[in-house]
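Survey of secondary and tertiary structure
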Amino acid sequence: LFFFVSFFFFFLFFFFFKQKTAYEIMPSLVGSEMCIRDRYTLARTRFNFDNNGCYYATSLSMRDRLLESWNDTNQHMYKEDPKRVYYLSLEFLLGRMLQNALINCDLEDKYRVALKELGYKLEDVYEEEVDPGLGNGGLGRLAACFLDSLATLELPGWGYGIRYNYGIFKQEIHDGYQSEIPDYWLSRGNPWEIERNDILVPVHFYGRVEKYHENGVERSRWLGSETVMAQAYDTPIPGYNTFNTNNLRLWRACPSAEFDFSSFNSGDYFGAVKAKQKAESISSVLYPNDVSMEGKELRLKQEYFFCAATLNDVVRRFLKKRSHSWSNFAEKVAIQLNDTHPAIATIELLRILIDDHKLPFDQAMDVIRNTFAYTNHTVLPEALEKWDVALMQRLLPRHLELIYLVNHLLMESVRKVYGRDNFHMTSSLSFIEEGDTKKVRMANICLNICHKVNGVAALHTEILKKSLFKDYLDYFNKLDYQKYGNKIMNVTNGVTPRRWMVCTNPEMTNLINETLGHSEWIVDLSKIRDLEKFADDPNMQNKWAEVKKEKKKQLVIKLKKWTGIDISPDMLFDVLVKRIHEYKRQLMDILYVVHRYLWIKEMKPEDRGNVVPRAILFGGKAAPGYDNAKKIIKLVNAVGQTVNNDKDVDSLLKVVFMPNYSVSSAQVIIPAAEVSQQISTAGMEASGTSNMKFAMNGCLIIGTMDGANVEIAEEIGKENMFIFGGSVEDIGNYRRRVSLPLHP
């Protein structure tokens, strides 16, 4: 009775006298979780619970849910012991995480209601998230899409990369010129990552190789003179409509010794933290400028750093199972190399197997050949990574030894196939490029060691076979066609409809779901073909046009915010957003703008009523050292300044350069576009993925038959694209003609 009375009076006191809390304001479970996070993690009250605090509380609440399924997934995979795939990439261009996580877990509506009851709008909360600065372009975005698809398909796959402090750079436009500003995307923290203080991997550099004998076998021991610690940071990656949650593990470089106390006491204050600063520089910046030798060394350090830490992690996980042996390593582990950046991983695993685990060389080679696969992303020979032999000798002496050893065996094999006097083939296939400065060809290492090599579009793969990797293909066929004939294959790039349709264009998603009567296309895009039978339905056409108009209005608001330029949503939106590069031909597009401007100016005023008003929108970043690309940006802005201030064409033509193009800005731009420019010189674009994103959002393509444009044309029909320009064969013939000497 005493307990009951005490509890009753305590309840009355709490109800009548205690100030109302967010728990009473927000009775739902979701809202309560956010309020708990706000109060006990962020140390805020309802009086300073702003949009940014709301974003963090919402994200942490969602992350808690993901961690439950993440732990369950890891336990399930450990128990079932399936083959796991590890995707190694120097870039992961993830985009904003909150909306993607809510949609994949079917919680967006619940969180929207919970936030509304708290007085917040979910769309405003989305805007508080900063894009993770972990990538630059299509290569990093492809990696992010793969992670989403692996989780959605319930495949056991992890991504591995670097946790950069600074992204590629933040682009600002001053007087028409690009300015690069440090992109410290972690300035306000990252609520999605889990800092793993318990996972620290030592990574060694420099030093020397010591030889010794063990049981009559000569062995090597690498004695590195500099050690850096790799600390893991995990980000859960949820699948769509599944409990499966995979992982992205990023490595941060830390010093092995935090502070040199003796140097500090002797007055050498800078020397006391020198080692710390040197170590942390490895994971500071994505793509440090490699014009100088110091820049080249840092780039190679980055690549080896994350490969060494990753392979240590992969091998550790493999050996946790007592039933595992090296003979079944490739049955349980698949490692995919996203371009040549992680190519050194092949040699690092060879070193681990031979030096640390004492495997015979032939067995170790069998393991790595059956474990690794390589994705090529370029048709430009100069874009294939090469490292100075002297640099690798200094930084990774044991790895250079192994490269020479594997290369020696390759050269012996080549001489058996082609004869000892075929210097062209030995020179072409060798890992080492001879010359005044000897270089290690990382692509050749991948071609020789990896069991599969893929291009990223059908046309790209054919170019690899006929040109860039022609000699390697001939060697594989002559060596053993049955075994190696299909080693170079095609796997066309793709993009996830979860990010690029459901998140990016919810209005269109709802219309498709309503029209088809299901949402199965979200995980099986082939079912989108069912829309074809509604193509001539006037009701569907009107609704589609309404969705496009709404997305254009949303972009108009953003354009005003980004640039201060007013655009009418009634104009035709003509868009070219890509990394700025000469082969992507932004220059040709802006010259067309000049032509169109002069064409309109020369018209009689009464004829201008027949001109379709057009807003031509550019976006993309130029590499800091790429002067021609930066001049193209200046030209676009100069033309825009002239056109946009000419009252004669004000209602007929606008030119806008959209600064700091990113995943989040793409999610606003792409759904609003009506015409997309995919105009690279035929044979130069490996694939392209923005073409797919535009097409998925009901945008027409003006383009050349290059990259994945070829396969898009096959899927949607050439009659639904505006195709121009020469084919790969035409371009090749033209180049051969102009290279011939001129005759009178």
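Residues numbered from 1 in each chain as written. Predicted model: local features only at pLDDT ≥ 70, side-chain atom pairs only at ≥ 80, totals over all residues. Heavy atoms only, no water.

**What about the sheet that holds strand β18 (residues 614–619)?**
Strands sit in the order β19-β18-β17-β20-β21-β22 across an open sheet of 6 strands; the sheet is parallel. Looking at which strands have only one partner, the edges of the open sheet turn out to be β19 (653–658) and β22 (721–723). Adjacent strand axes in the sheet meet at a mean angle of 20 degrees when their direction is disregarded. Sheet topology places strand β21 (residues 700–703) next to β22; 3 bridges connect them, and they run parallel. Across the sheet, Ile 702 pairs through a bridge with Phe 722, a residue of β22. Lying over the sheet, helix α24 (residues 538–563) contacts β17 (572–577), β18 and β19, oriented at roughly 65 degrees with respect to β19. Against the sheet, helix α25 (residues 586–602) contacts β17, β18, β19 and β20 (675–678), and its axis sits at roughly 155 degrees relative to β18. (Pairing = 2+ DSSP bridges. Helix = DSSP H or I, 4+ residues; strand = E, 2+ residues; numbered from the N terminus. Axes fitted to C-alpha atoms, helices over the stretch in contact; angles between N-to-C directions. Contact = heavy atoms within 4.5 Å.)

**Things to note about the sheet that holds strand β15 (residues 452–455)**
Here 9 strands make up an open sheet; going across it, the order is β5-β8-β9-β2-β1-β10-β11-β15-β16 and the pairing mixed. Two strands close off the open sheet at either side, each with one partner strand: β5 (194–205) and β16 (488–490). Averaged over all neighbouring strand pairs, the angle between strand axes comes to 25 degrees, with direction disregarded. Summarising the sheet, strand β11 (residues 372–375) and β15 pair through 3 bridges and their orientation is parallel. Residue Ala 373 lies in a different strand from β15, and its bridge partner there is Lys 452.

**Comments concerning a nonpolar patch on the surface**
There is a patch of nonpolar side chains on the surface, built from Tyr 166, Tyr 184 and Val 285 and spanning about 240 Å² of accessible area. Position of Val 285 relative to the elements: it lies in the loop between α11 (274–280) and α12 (293–319). On the basis of relative accessibility, which here comes to 30%, the residue Val 285 falls in the partly exposed class. (Patch = residues over 30% accessible without salt bridge, like charges linked within 9 Å, V, L, I, M, F, W, Y side chains within 5 Å. Areas by Shrake-Rupley, 256 points an atom, 1.4 Å probe, with all protein chains shown as cover. Salt bridge = Lys/Arg side-chain N within 4 Å of Asp/Glu carboxyl O. Buried < 20%, exposed > 50% of the residue type's maximum accessible area, 1.4 Å probe, protein only.)

**Details of the packing of aromatic side chains**
Considering all chains together, one arrives at 18 aromatic pairs under this definition. Plain terms: the ring middles of Phe 205 and Tyr 304 are 5.8 Å apart, the flat faces sit at 75 degrees to each other, and that makes the pair edge-to-face. Here Phe 205 is found in strand β5, whereas its partner Tyr 304 is found in helix α12, with 99 residues between them in sequence. Taking the relative accessible area as the measure of exposure, Phe 205 reaches 0% and is therefore buried. On the basis of relative accessible area, Tyr 304 is assigned to the buried category, the value being 2%. (Phe/Tyr/Trp six-rings, centres within 6.5 Å; stacked < 30°, edge-to-face > 60°.)

**What to know about the packing of α12 against helix α14 (residues 344–356)**
Here α12 crosses α14 at 45 degrees, and the two axes come no closer than 9 Å. Comparing the axis directions of α12 and α14 gives the class oblique. Of the two elements, α12 crosses α14, and the hand of that crossing is right-handed. Residue-level inspection shows Glu 303, Tyr 304, Cys 307, Ala 308, Leu 311 and Val 315 of α12 in contact with α14, the latter providing Ile 344, Ala 345, Glu 348, Leu 349, Arg 351 and Ile 352. Per-class residue counts for the contact of α12 with α14 are 9 nonpolar, no polar and 3 charged. (Parallel < 35°, antiparallel > 145°, perpendicular 65-115°, else oblique. Left-handed = near helix turned anticlockwise from the far one by under 90°. Nonpolar A, V, L, I, M, F, W, Y, C, P; charged D, E, K, R; others polar.)

**Some thoughts on the nonpolar core**
With 129 residues, the main nonpolar core has Phe 205, Trp 251, Phe 305 and Met 392 as its most contacted residues. Among the elements that line this core, the one with the most residues is α12, at 11 residues. When residues no more than four places from it in sequence are discounted, the contact partners of Phe 305 are Val 203, Phe 205, Val 228, Met 229, Ala 230, Trp 251, Arg 252, Ala 253 and Ile 282. Residues Val 379, Val 556, Cys 699 and Ile 701 belong to the second largest nonpolar core, which totals 54 residues. (Core = buried A, V, L, I, M, F, W, Y, C linked by side-chain atoms within 4.5 Å.)

**Some remarks on helix α29 (residues 709–716)**
Every buried residue of α29 is listed here: Asn 709, Val 710, Glu 711, Ile 712 and Ala 713. Residues of α29 that are buried sit in contact with α20 (458–468), β16, β20, α28 (690–696), β21 and β22. Once α29 ends, the next one or two residues include Gly 717, with phi positive near 95 degrees.

**A word on the confidence of the model for the protein chain**
Note that predicted coordinates carrying low pLDDT should not be read in detail. When pLDDT is averaged across the protein chain, the result is 91; 94% of the residues are at 70 or more. Across residues 1–27, where pLDDT falls below 50, the model places 23 contacts with residues more than four positions away in sequence or in other chains. (pLDDT = per-residue confidence, 0-100.)

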